[in-house]
Amino acid sequence: MSKSINIIRSSAVPLNTENVDTDQIIPARFLKATTRDGFGENLFRDWRYNNNGQPKKDFVLNDPTYHGKILVAAKNFGCGSSREHAAWAIKDAGFDVVVSSFFADIFKNNALNNFLLPITVSDDFLQKIFAAVEKNPETEIEVNLKEQTMQIISDSKTPLREERGWGETFEINNYKKTCLLNGYDDIDYLLSIKKDIEEFETSEL
């Protein structure tokens, strides 16, 4: 399966809760595993399930109304400990993009290293996304990594006049952008410029 990210057009799952820390994303008791597989089952474990293991009907990830590859979160997402497992869990649960108006730096870097695109938007745009998705859960959002744009796309059958076509540009490190567009990890990137490295070394002799 390709890890590359370019244009993603998908409905979204709204998690309108501020200050979500990494222990809430993936509780510490699930960190014993050494591979990245299976973490999605325990994403937001204590919010998703009762003590008896039954799903909590009022939690958004248990609501079939909402689905998609884009997780929309409120301000200050990914704060707390530096565990990389938080990014693993979100990615393993099927999300390719997570949107917020502010990310903790370590979480943001961990996400980028695991082919999960964190997009920082303005508070105003974030609220428009929440409003659009709540009004129509089938509302799609288009992310264009190459152009660094994000836009709310309206379903013509359910007009969202105040939100339709609303979009913003977003910032991303150029190196990480190249890696995501091509599906490169750090080693893949070095291999992709092997010829340039060899030519540089030769020129320095």
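Residues numbered from 1 in each chain as written. Predicted model: local features only at pLDDT ≥ 70, side-chain atom pairs only at ≥ 80, totals over all residues. Heavy atoms only, no water.

Caption draft 1: Seen up close, helix α6 (residues 174-182). Turning to α6, its buried residues number three or more, namely Lys176, Lys177, Cys179 and Leu180. In a view along the axis of α6, the buried residues occupy a sector of 165 degrees, so they form one face of it. As for α6, its buried residues are in contact with α4 (105-113), β5 (117-120) and α7 (186-192). Near the N-terminus of α6, the side chain that reaches the backbone nitrogen of Tyr175, with its oxygen 2.8 Å away, is that of Asn173. One or two residues past the end of α6 sits Gly183, with phi positive at roughly 70 degrees. (Buried < 20%, exposed > 50% of the residue type's maximum accessible area, 1.4 Å probe, protein only. Helix = DSSP H or I, 4+ residues; strand = E, 2+ residues; numbered from the N terminus. Arc of directions from axis to C-beta. Contact = heavy atoms within 4.5 Å. Polar contact = N/O pair within 3.5 Å; in protein donor to acceptor, adjacent residues only side chain to side chain.)

Caption draft 2: Summary view of the side chain of Thr22. Positionally, Thr22 belongs in helix α1 (residues 22-25). Residue classification places Thr22 among the buried residues on the basis of a relative accessible area of 2%. Those residues in contact with Thr22, other than ones at most four positions away along the chain, are Gly78, Cys79, Gly80, Ser81, Arg83 and Ala86.

Caption draft 3: Expanded view of the sheet that holds strand β1 (residues 7-10). Reading across from one edge, β1-β6-β7-β8 is the order of the four strands in this open sheet, with antiparallel pairing throughout. With partners counted over all chains shown, the strands left at the sheet margins are β1 and β8 (167-169), one partner each. Each neighbouring strand pair of the sheet contributes to a mean axis angle of 10 degrees, computed without reference to strand direction. Here β1 runs beside strand β6 (residues 140-144); their pairing, made up of four bridges, is antiparallel. What sits directly across from Ser10, in β6, is Ile141. (Pairing = 2+ DSSP bridges. Axes fitted to C-alpha atoms, helices over the stretch in contact; angles between N-to-C directions.)

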